[in-house]
Each structure stands twice: as structure tokens, then as C-alpha cells.
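Chain by chain, the residues run as shown.
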Amino acid sequence: MSDFKEISYNGLWKQNPGVVQLLGLCPTLAVTTSVVNGVSLGLATALVMAASNGAVSPVRKFVPDEIRVPVFILVIAALVTVIDLTIHGFAEPLHKVLGIFIPLIVVNCIVLARVESFAAKNPPAPAMWDGFMMGLGLTIVLAILGGMREVIGKGTLFSGLDLALGPQFKQFVVTIIPDYHGFLLAILPPGAFLGLACLIAFRNWAEQRKSNPAPQAGGALKPAH
Amino acid sequence: MSERIFQHTRKTALTLIAFAFVFTTLLAYVFQITKAPIAKAEAEARLALFRQIVPESMHDNDLLKDSITIAPNDLLGNKQASIANRAYLNDRPAAVILEVIAHDGYSGDIKLLIAIRADGTISGVRVLTHKETPGLGDYIDIAKGNWIKLFDNESLTKTSEQNWKVKKDGGLFDYMAGATITPRAVVKAVHQALQYFEANKQALFA
């Protein structure tokens, strides 16, 4: 497997930040009340991760070991603020929804973890790819979790798309279950824990099946000698 | 040996300063270029909210620009000076938009925006921020229900003093079962805002 392919595989499946490394759970659990919220925060995180990995990697040899953490935090905080200001200026309603969680990307462990464990040791191109793929892996988890909670909790999909992309996208909001009165548990924080648990269980199950395939039919009945 | 430590420390400090400088510059630059769009977006969001409670046909002035600062008052529930925006039609007072805080919600303050016409009737009420229980008390939010529209065209003369309560307390205002505290707080806050308006009408449009 080539380098880039392996990085993608790591980010999306093997080392997925959402369901394997379990890093950055605070936003994962808090904002995933709908697909749009989950994807928006996920993409913002992916962007920050790609940018911070890309910014740290070229200067990794000039940063003395003692100050590497302050420097990394400085880089990440600056980039997050840039994204926060941009979203505030150009997608005000989305900013209202994601609110505090954008600035909080700074303290999302997954960002610093990838800078420290990957970007500080690898050249810029793979480092950026790693940041982006890890972010994308997180985005996918946030999207699925958001989708589950939204369908179960509100009976819709893609609600709030107009907030992110503009009023003309309102028509894309899908009502899965018409005249649904909502299932509050899914929207409240416990629903996030339950949903994430299901995702982790599913991933473990899939991984287990892959590593030892189900025995052939009849194989289980082999008489013991 | 001490010479080497000194050199190393200096190099470390300079590196940190260099990074701080570069990224502060970047931030300052981004702040400058996003300042105008952010101010514009916020003004637009505010105006969109005003539009819901003061229809365009009711005024011909710039709502955002025509504002006065009013002193904190117990009837408004605020401890700091707040902004009131005024609507005029043909230079005659049409309505005033007050920011009101209800402290007795179920969890935390409920911030309201109340538009009162010059004749003392309510043009509209909207919830700005609240922390009421999702699914129970959050129907006061226009995004979750039409309850808040009950106040449209209400006034101190239309509904008498003792009827400015939720039905459970012997008043006229409907509420949804399971969450009485939230609407009770909102009804009280709106009632008090009307009383404030009656007492300070002259000053508000001065």
C-alpha cells in the first residue's frame, strides 16, 4: 500500500478518531443533533487539521523540543480563530448554531495529537493529507451519528441545510417520518452516547468479522474427537 | 557549558517570539478583512428578527440606527443599560422594540424582544435566548411553536391586570401541560414590559 493510501485508510477506518481513538468526544457528542451540524463541525475540524499539520510540518526542524507544544498550540489556535472569524462573517446563522464549538476545536485533542504524532515527524504533503483524512474520518462519524439522532429524534434529515448554504437549499430538507412528534432522548446528550456506542460496536463487529471470517456452514458442527 | 545553555535558551525564546509574531500578524490581518462582513451579518440577523415583530409597512426609518439607551429598570429585568430601537412612520412614533429579561424561567434567564406599538398594543414578541428544557419548555421559541404569537395585539387595556397570568393561575394565557414555569415567566415579563412602556412612553419616543 502506498503512503497516501495507508494514511487515508488509517484516518477513515483503522485509526478513526471518532470511533477508534475516541478523541474529541466533546464536540462529537454535543453538536451531532443533526447531519448538517455534524458535517459542518467535522469539515471545520478537518480544515483546521490539514492546515495545522501543513503549517507545522515544514518548520518541524526549527522548533526546539522544549517549546514544541506552545508552538503547536499557537499555530492551531491561530488557524481556528481564522476559521471562526470566516464562518462568523460569511455564514452567520451557522455560526449561531455551532457557536462555542468552533473555538473549542483548539482544545480538541485530535488536532494536537496528529500534529504531535504525525506532522512533527513527516514531510508537509503526507502531513496535510493525514490531517485532512483524520478530519474526514471524524466528519463521517459525526455525519452518521448526526443522521441517526436526527431521524430518530426529529424524523427529518438535513434540517438546517438552509442555515449552512443559504435559503434556497431549504427544499432539500427531507421529512423521513411525517407528523412525527419527536423522540427527545435521541436529541439530548444521552442519545449521543447511545448512538456513539452503537457506531463503535458496529465498527468492532466489522473489524472482528474481517480478521476471523465466519466459519463455513457446517464447520461449527464438526464433531470433536 | 553555561555559554551553551545561554545560547540554547536564546534560540528557543527567539523561535517562540518569531512564531508568535507571524501568527499574530496573520490573525490581525484576518480580523481586519472579516470585520466588515461580521458587522454586516450581525446587523442583518438583528434586522431579520426586527422584521418578524415590526412589519416593514409599520415604519419608514432605519430601525437599527434609531436606537436609544435606556437605564436599567426592574420592570425590564435588566441590571445594565439596554438598547431600545424605535420605529417611526412619517415622523410619528409607530413602535418601540424593548429587550427584556425574565429571570424566573425554569433554567436560567430568558431574553425577550418585545415590540410595542405607540398605542400600547403588542406588535410581536420573540425569544432571543433561553435555556428551557428541549421538548418541554422550548415551545416559547418561534422555531418550535406558535405559542409566542398569543401576545400579538395584547395590551394592558385588552386584558385586565388580574388576567395577565397563565390559565393555571387564573389568567387568560394558554400554556402547554408539563411546563408551566416557562410560560409563567414569559407572561410576567411581557406584562411588566407593557407597564414599563405605559410609564415611560414620553421618554421612549422623545
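Bear in mind the structure is a predicted one, so any value in this text is a computation, not a measurement.

Enquirer: Please explain the overall build of chain B as it appears in this structure.
Expert: Within chain B, the secondary structure is distributed over two helices and five strands. Starting at the N terminus and ending at the C terminus, chain B contains elements arranged as α-β-β-β-β-β-α. Along the first, second and third principal axes, the C-alpha atoms of chain B reach 85 × 45 × 30 Å. When the 206 residues of chain B are sorted by exposure, 28% land in the buried category.

Enquirer: Honestly, the packing of helix H4 (residues 68-90) of chain A against helix H1 (residues 2-53) of chain B in this entry has me stumped. Any pointers?
Expert: Where H4(A) meets H1(B), the axes come as close as 8 Å, and the angle between the chain directions of the two elements is 10°. By the angle between their axes, H4(A) is roughly parallel relative to H1(B). Only B:Leu16, B:Phe19, B:Ala20, B:Phe23, B:Leu26, B:Leu27, B:Val30, B:Phe31, B:Thr34, B:Pro37, B:Ile38 and B:Ala41 of H1(B) make contact with H4(A), whose side of the interface consists of A:Pro70, A:Val71, A:Leu74, A:Val75, A:Ala78, A:Thr81, A:Val82, A:Leu85, A:Thr86, A:His88, A:Gly89 and A:Phe90.

Enquirer: How do you make sense of the nonpolar core when you look at a structure like this?
Expert: Note that soluble globular proteins tend to have their nonpolar side chains buried in a common cluster. Residues A:Val48, A:Val75, A:Ile76, A:Leu79 and A:Phe132 are the most contacted members of the largest nonpolar core, which totals 56 residues. If you list the elements that add at least two residues to this core, you get helix H3 (35-56), H4, helix H5 (92-98), helix H6 (109-119), helix H7 (124-154) and helix H10 (189-211) of chain A together with H1 of chain B. The element contributing the most residues to this core is H7(A), with 15 residues. If sequence neighbours within four positions are ignored, A:Leu79 has contacts with A:Val48, A:Ala51 and A:Ser52. If you look at the next biggest cluster of nonpolar residues, it comprises 40 residues, including B:Ala102, B:Val166, B:Ala193 and B:Tyr196.

Enquirer: Explain the packing of H6(A) against H7(A) here, please?
Expert: The axes of two packed helices give the description: the angle between them and the distance between them. Residue and element names in this part refer to chain A. At their nearest, the axes of H6 and H7 sit 10 Å apart, and the two run at 150° to each other. Crossing geometry of H6 relative to H7 is assigned as right-handed. Contacts between H6 and H7 involve Ile110, Arg114, Phe118 and Ala119 from the former and Ala127, Asp130, Gly131, Met134 and Leu138 from the latter. In the contact of H6 with H7, the residues fall into six nonpolar, one polar and two charged.

Enquirer: Any chance you could explain helix H1 (residues 3-14) of chain A here in plain terms?
Expert: In an α-helix, one turn spans 3.6 residues; hence positions three or four apart end up facing the same way. Residues and elements named next belong to chain A. With 12 residues, H1 ought to run about 16 Å at 1.5 Å a step, yet its terminal C-alpha atoms sit only 14 Å apart, falling short of that. Where H1 is concerned, the buried positions are Ile7, Ser8 and Gly11. One side of H1 holds all its buried residues, which, seen down the axis, span an arc of 95°. Exposed side of H1, more than 90 degrees from the buried face: Lys5 and Lys14 are the residues found there.

Enquirer: Is there a simple way to explain the domain arrangement of chain B in this structure?
Expert: The accessible area lost on association of the parts is a frequent measure of interface size. Residue and element names in this part refer to chain B. Split into domains, chain B comes out as domain 1 (1-53) and domain 2 (57-205). In this complex, domain 1 contributes seven residues to the contact, which on the side of domain 2 involves 10 residues. When grouped by side-chain class, the residues that make up the side of domain 1 that touches domain 2 number five nonpolar, one polar and one charged.

What counts as what
- Residues numbered from 1 in each chain as written.
- Chains lettered and ligands numbered in written order.
- Predicted model: local features only at pLDDT ≥ 70, side-chain atom pairs only at ≥ 80, totals over all residues.
- Helix = DSSP H or I, 4+ residues; strand = E, 2+ residues; numbered from the N terminus.
- Buried ≥ 20, exposed ≤ 12 C-beta atoms within 10 Å, placed from the backbone.
- Axes fitted to C-alpha atoms, helices over the stretch in contact; angles between N-to-C directions.
- Parallel < 35°, antiparallel > 145°, perpendicular 65-115°, else oblique.
- Contact = placed C-beta atoms within 7 Å.
- Core = buried A, V, L, I, M, F, W, Y, C linked by C-beta atoms within 7 Å.
- Left-handed = near helix turned anticlockwise from the far one by under 90°.
- Nonpolar A, V, L, I, M, F, W, Y, C, P; charged D, E, K, R; others polar.
- Expected span 1.5 Å × (residues − 1).
- Arc of directions from axis to C-beta.
- Domains from an automatic or database assignment.

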